[in-house]
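Read off the chains here:
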Amino acid sequence: MSDGEWFLRSGILNVSHGFFTREGGVSPAPYDTLNCSLNSQDEQANVLENRARVAKEIGVEPANLLGLRQTHSDVTVPVTSGTSLWKIGDGPDGDALATDRPDVAVGIITADCGPVLLSSADGKIVGAAHAGWRGAAGGILESVIRQMQTLGAKEIVATVGPCIGPESYEVGSDMHADVLKQDGEAEQFFLPGQKEGHFYFNLPGYCLFRLKRAGLKTVNSLGVDTLTNQRFFSHRRRTLAGGGQIGHQISVIRAKG
């Protein structure tokens, strides 16, 4: 595929990166085609080939495309010159990665949650965060920013990639209460839902708010709704269709050398 047909890029991230779609891989249905998650019943060989294609696009060896066991936490894992790289599928628990190493790429797996890619202004330090509502409310974005600053980043820019859109994300009163318990300022990102006691939640808007509140001046969102855009995997779309197995897309970023 030619550049851009199977991934999206952000105009404010001046480094090698991509918000990859579900297209361009080898996995059969229902994982078709670029499933990059090993946490599924897809054949491991398919996932490894898909990840190898992503790594090639970003410019690193397949073994140097790093991910985590994502747990909706506020844990950011740093990858520096002294870090021993782990095997694919054996990453530590966490929901964000930050690195100053140009020989590795850091990636986040999603299927409705917000993939957030970040870079220092000079491109020497990058980060990737998995921001669902739990992670965003719990501080994962502030966590990755702090870790990037520890590595030496000054001005940081960030993009919120494809995730469930504000008109697609109807949630219950329990989730509404949980978010507000952690962050009272989040109320502005809820609107009344169609069902009694339900709300529409603006996840990308909330992620942008948290990034700006943490001090970032240059942030944006790609504005792509994973539920309505068939180029992306979506947990909510699967649920509405009655369940079943799906794949997960990957968003990846690499620092400049």
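The structure presented is a predicted model; accordingly, all values stated were derived computationally and were not measured.

What counts as what
Residues numbered from 1 in each chain as written. Predicted model: local features only at pLDDT ≥ 70, side-chain atom pairs only at ≥ 80, totals over all residues. Heavy atoms only, no water. 1 Å grid on protein atoms, 1.4 Å probe; cavity = no way out; pocket = protein on both sides within 12 Å on 5 of 7 lines; lining within 4 Å. Points joined across faces, edges and corners; volume = space filled by probe spheres on them. Helix = DSSP H or I, 4+ residues; strand = E, 2+ residues; numbered from the N terminus. Axes fitted to C-alpha atoms, helices over the stretch in contact; angles between N-to-C directions. Parallel < 35°, antiparallel > 145°, perpendicular 65-115°, else oblique. Left-handed = near helix turned anticlockwise from the far one by under 90°. Contact = heavy atoms within 4.5 Å. Nonpolar A, V, L, I, M, F, W, Y, C, P; charged D, E, K, R; others polar. Core = buried A, V, L, I, M, F, W, Y, C linked by side-chain atoms within 4.5 Å. Buried < 20%, exposed > 50% of the residue type's maximum accessible area, 1.4 Å probe, protein only. Arc of directions from axis to C-beta. Pairing = 2+ DSSP bridges. Salt bridge = Lys/Arg side-chain N within 4 Å of Asp/Glu carboxyl O.

Considering the layout of surface pockets
Item 1. Estimates place the volume of the largest pocket at around 960 Å³.
Item 2. Residue lining of the largest pocket: 45 residues in total, with Gln70, Ile109, His130, His235 and His248 positioned closest to the centre.
Item 3. Residue assignment for the lining of the largest pocket shows that the elements contributing at least two residues are strand S3 (65–66), strand S6 (105–110), helix H2 (133–138) and helix H6 (235–240).

Side note on the packing of helix H3 (residues 140–150) against helix H5 (residues 203–213)
Item 1. It is at 9 Å that the axes of H3 and H5 come closest, and there the two elements cross at 40 degrees. In this view, H3 runs oblique relative to H5, as classed from their interaxial angle. By crossing handedness, the relation of H3 to H5 is classed as right-handed. For the pair H3 and H5, the contacting residues are Leu141, Glu142 and Ile145 in the first and Cys207, Arg210, Leu211 and Arg213 in the second.
Item 2. In the contact of H3 with H5, the residues fall into four nonpolar, no polar and three charged.

With respect to the nonpolar core
Item 1. By size, the foremost hydrophobic cluster in this structure holds 39 residues, and its most contacted members are Val116, Leu118, Phe201 and Leu211.
Item 2. Elements with a minimum of two residues in this core: strand S5 (96–99), strand S7 (114–120), strand S8 (126–131), H2, H3, strand S9 (156–160), helix H4 (173–182) and H5.
Item 3. Top element by residues in this core is H5. It accounts for six residues.
Item 4. In terms of nonpolar packing, the next biggest core, distinct from the first, is built from 18 residues, Phe19, Leu68, Leu97 and Ala255 among them.

Looking at H4
Item 1. By the burial criterion, the buried members of H4 are Met175, His176 and Val179. An end-on view of H4 places all buried positions within 105 degrees of arc, on one side of the element. Set apart from the buried face of H4 by more than 90 degrees, the exposed residues are Asp174 and Lys181.
Item 2. Residues of H4 that are buried in the fold lie against H2, strand S10 (170–171), strand S11 (190–192) and strand S12 (199–201).

Some words on the pairing of S9
Item 1. Of all five residues in S9, five are buried; the element is thus mostly enclosed.
Item 2. Of the two faces of S9, the one lined by Ile156, Ala158 and Val160 and the one lined by Val157 and Thr159 are each fully buried.
Item 3. In terms of strand pairing, S7 meets S9 through five bridges, oriented antiparallel. From the neighbouring strand, Ser119 faces S9, where its bridge partner is Val157.
Item 4. In this sheet, strand S13 (residues 218–221) lies alongside S9 in parallel orientation, the contact comprising four bridges. From the neighbouring strand, Val157 faces S13, where its bridge partner is Thr218.

Examining unusual backbone geometry
Item 1. Note that the residue after Ala29, namely Pro30, is joined by a cis bond; omega there is 5 degrees.
Item 2. Topologically, Pro30 is positioned in the loop between strand S2 (17–20) and helix H1 (44–58).
Item 3. Following Asp32, the chain continues into Thr33 via a peptide bond in cis, with omega recorded as -10 degrees.
Item 4. Within the secondary structure layout, Thr33 lies in the loop between S2 and H1.

Focus: the sheet that holds S6
Paired through backbone hydrogen bonds, the strands of a sheet run either parallel or antiparallel to each other.
Item 1. Strand order in this open sheet of five strands is S1-S2-S14-S6-S3, and the pairing throughout is mixed. Unpaired on one side and paired on the other, strand S1 (7–8) and S3 mark the two borders of the sheet.
Item 2. As judged from the two bridges shared by S1 and S2, these two strands associate in the antiparallel manner. Of the residues in S2, the one forming a bridge with Leu8 is Phe19.

Let's talk about the pattern of salt bridges
Item 1. If you walk through the whole model with that rule in mind, you get ten salt bridges.
Item 2. A salt bridge links Arg53 to Glu49, with the shortest nitrogen-to-oxygen separation between them at 2.9 Å. Taken together, the residues Arg53 and Glu49, both in helix H1 and four residues apart, mark about one turn of the helix.
Item 3. Look at Arg53 and you get partly exposed, because its relative accessible area is 32%.
Item 4. The class for Glu49 is partly exposed, based on a relative accessible area of 34%.
Item 5. Between Arg69 and Asp93 there is a salt bridge whose closest N-O contact spans 2.9 Å. A residue pair is termed long-range when its members are at least 10 positions apart, and Arg69 in the loop between S3 and strand S4 (76–79) and Asp93 in the loop between S4 and S5 qualify at 24 residues.
Item 6. Look at Arg69 and you get partly exposed, because its relative accessible area is 42%.
Item 7. Judged by relative accessible area, Asp93 falls into the partly exposed class, the value being 43%.
Item 8. The network of salt bridges with common partners includes Glu142, Asp183, Glu185, Arg210 and Arg213.

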